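Geometric and topological summary
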Amino acid sequence: MPIEFTSLNAILNHGFDTVIDVRSPAEFAEDHIPGAINLPALSNEQRAEVGTIYKQISAFDGRKIGAGMVIRNVADHIDGPLMEKDGAWRPLVYCWRGGQRSGVFSTLLSEIGWRADTVKGGYTSFRRLVKASLYDDPLPHRIVLLDGFTGTAKTEILPRLAARGVQVIDLEGLARHRGSLLGGMPGGQPSQKAFETGLATALSKLDTARPVVVEAESSKIGRIAIPASVWAAMLAAPRIVIQAPMVARAAYLATAYREVIEDPEIVTEKLEPLRRLRGHATVDRWVALSAEGALVDLSHALMVDHYDPSYAKSRRIDEREVLAEVSVDTLDDAGQERAADGIAAAVNAW
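Residues numbered from 1 in each chain as written. Predicted model: local features only at pLDDT ≥ 70, side-chain atom pairs only at ≥ 80, totals over all residues. Heavy atoms only, no water.

**A look at the packing of aromatic side chains**
All told, the structure shown has 3 aromatic pairs when counted by the stated rule. Pairing Trp-89 with Trp-114 gives two aromatic rings, centres 5.0 Å apart and planes at 90 degrees, and the pair type is edge-to-face. One end of the pair, Trp-89, is in the loop between helix 4 (59–79) and strand 3 (91–94); the other, Trp-114, is in the loop between helix 5 (100–112) and strand 4 (117–118), with 25 residues separating them in the sequence. The class for Trp-89 is buried, based on a relative accessible area of 4%. An angle of 35 degrees between the planes, with centres 5.3 Å apart, marks the rings of Trp-96 and Tyr-123 as tilted. Taken together, the positions of Trp-96 in the loop between strand 3 and helix 5 and Tyr-123 in helix 6 (residues 122–136) put the pair 27 residues apart, joining distant regions of the chain. A relative accessible area of 2% places Tyr-123 in the buried class. Through pairs of rings, three or more aromatic residues link up here, namely Trp-96, Tyr-123 and Phe-126. Here the guanidinium or amino end of Arg-23 rests over the ring plane of Tyr-123, the centre of that ring lying 4.3 Å away. Against the face of Tyr-257 rests Arg-178, its NZ or CZ located 4.4 Å from the ring centre. (Phe/Tyr/Trp six-rings, centres within 6.5 Å; stacked < 30°, edge-to-face > 60°. Helix = DSSP H or I, 4+ residues; strand = E, 2+ residues; numbered from the N terminus. Buried < 20%, exposed > 50% of the residue type's maximum accessible area, 1.4 Å probe, protein only. Lys NZ or Arg CZ within 6 Å of the ring centre and 35° of its normal.)

**Quick word on the sheet that holds strand 6 (residues 167–169)**
What links the strands of a sheet is backbone hydrogen bonding, and the strands pair in either a parallel or an antiparallel sense. Ordered in space as 6-7-5-10-11, the 5 strands form an open sheet in which the pairing is parallel. Either end of the sheet is taken by a strand with one partner, and the two such strands are strand 6 and strand 11 (322–327). The sheet shows a mean angle of 25 degrees between the axes of neighbouring strands, direction not considered. Sheet topology places strand 5 (residues 142–148) next to strand 7 (residues 211–215); 5 bridges connect them, and they run parallel. Looking across to strand 7, one finds that Ile-143 is bridged to Val-212. Set on the sheet, helix 7 (residues 154–163) makes contact with strand 5, strand 6, strand 7 and strand 10 (239–243); between it and strand 5 the angle comes to about 135 degrees. (Pairing = 2+ DSSP bridges. Axes fitted to C-alpha atoms, helices over the stretch in contact; angles between N-to-C directions. Contact = heavy atoms within 4.5 Å.)

**What to know about the pattern of salt bridges**
For the structure shown, the criterion picks out 15 salt bridges. The salt bridge partner of Glu-337 is Arg-160, with a shortest N-O separation of 2.5 Å. In this pair, Glu-337 sits in helix 17 (residues 333–349) while Arg-160 sits in helix 7, placing the two residues 177 residues apart along the sequence. By relative accessible area, which is 29% here, Glu-337 ends up partly exposed. Residue Glu-337 pairs with Arg-164 through a salt bridge whose shortest N-O separation is 2.6 Å. With Glu-337 in helix 17 and Arg-164 in the loop between helix 7 and strand 6, the pair connects residues that are 173 residues apart, well separated along the chain. Take Arg-164: its relative accessible area is 28%, and that puts it in the partly exposed class. Salt bridges here are not isolated pairs; linked through shared partners, they connect Arg-160, Arg-164, Asp-333, Glu-337 and Asp-341. (Salt bridge = Lys/Arg side-chain N within 4 Å of Asp/Glu carboxyl O.)

Functional significance is not addressed by these values, which are geometric in nature.
Structural data, given as structure tokens:
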């Protein structure tokens, strides 16, 4: 009988040797159970073909033709990546809804002698558990926001806090975006579903009795939206604010964003949306600084002309409690270490 997982922790701690996602590569790429491997029962093209036959000819023909494809594909997987598995191997198999694809796949594995099980409801049941934890239920964690002007190295300080035993969630890391117009990362962002799976998984590993430090963000990081329960907890959370002089922030930003701001074409493309807000002359000056290689001056100008005014405007309507202000003179390694010491002390005292 398919296994019914009634909580996110239960499915994340399933106890099987291998989790096999037998959906198509496109379905797997959008999102999947953490740690799963993809052994497709149907390729992207085969899935589309079977779906067309199912709808336009008959359900019987769709199932018949699809079954032949699935059996041949499973045989290839057995001859390939599964050939080295011994008799004690225990796989957990799932498809979209826990139906035919995972059923056929697990049956064939079981006939060989492996103790294969399936997930009741397939990926959709896992997805419901993720959504419930991030949208339907209040977040049980005690959130503390790490705040400060742009260029105060908040993201880089998070792992330093983790090294000091502080619980952290790196939202920008999960979203693969640094949260600004210049914040895109190589490879692009994950799907919204994959981001939510990563976030729910990270939260599930944390102690709800201890504070969790999260970088202060807007409700969207690039094109990724922060889920409702997490956003509500962030809106109600107290803040720890990093303070650093402009010269230190400009030097840090010039280094952290070097691969972006040293290319005038990228600067022009990324900052084009700000022309209506900041004016053509201002944006043209930014682009000129990039072309000159004046990266520290460009970082300084971006903060003075855009980031700092935006931050100050947002904080005028922000009445959340400030637990502590941590001031550092530099944001090099030593400065970030000093900041982490002060932040960790404030978190532990809360």
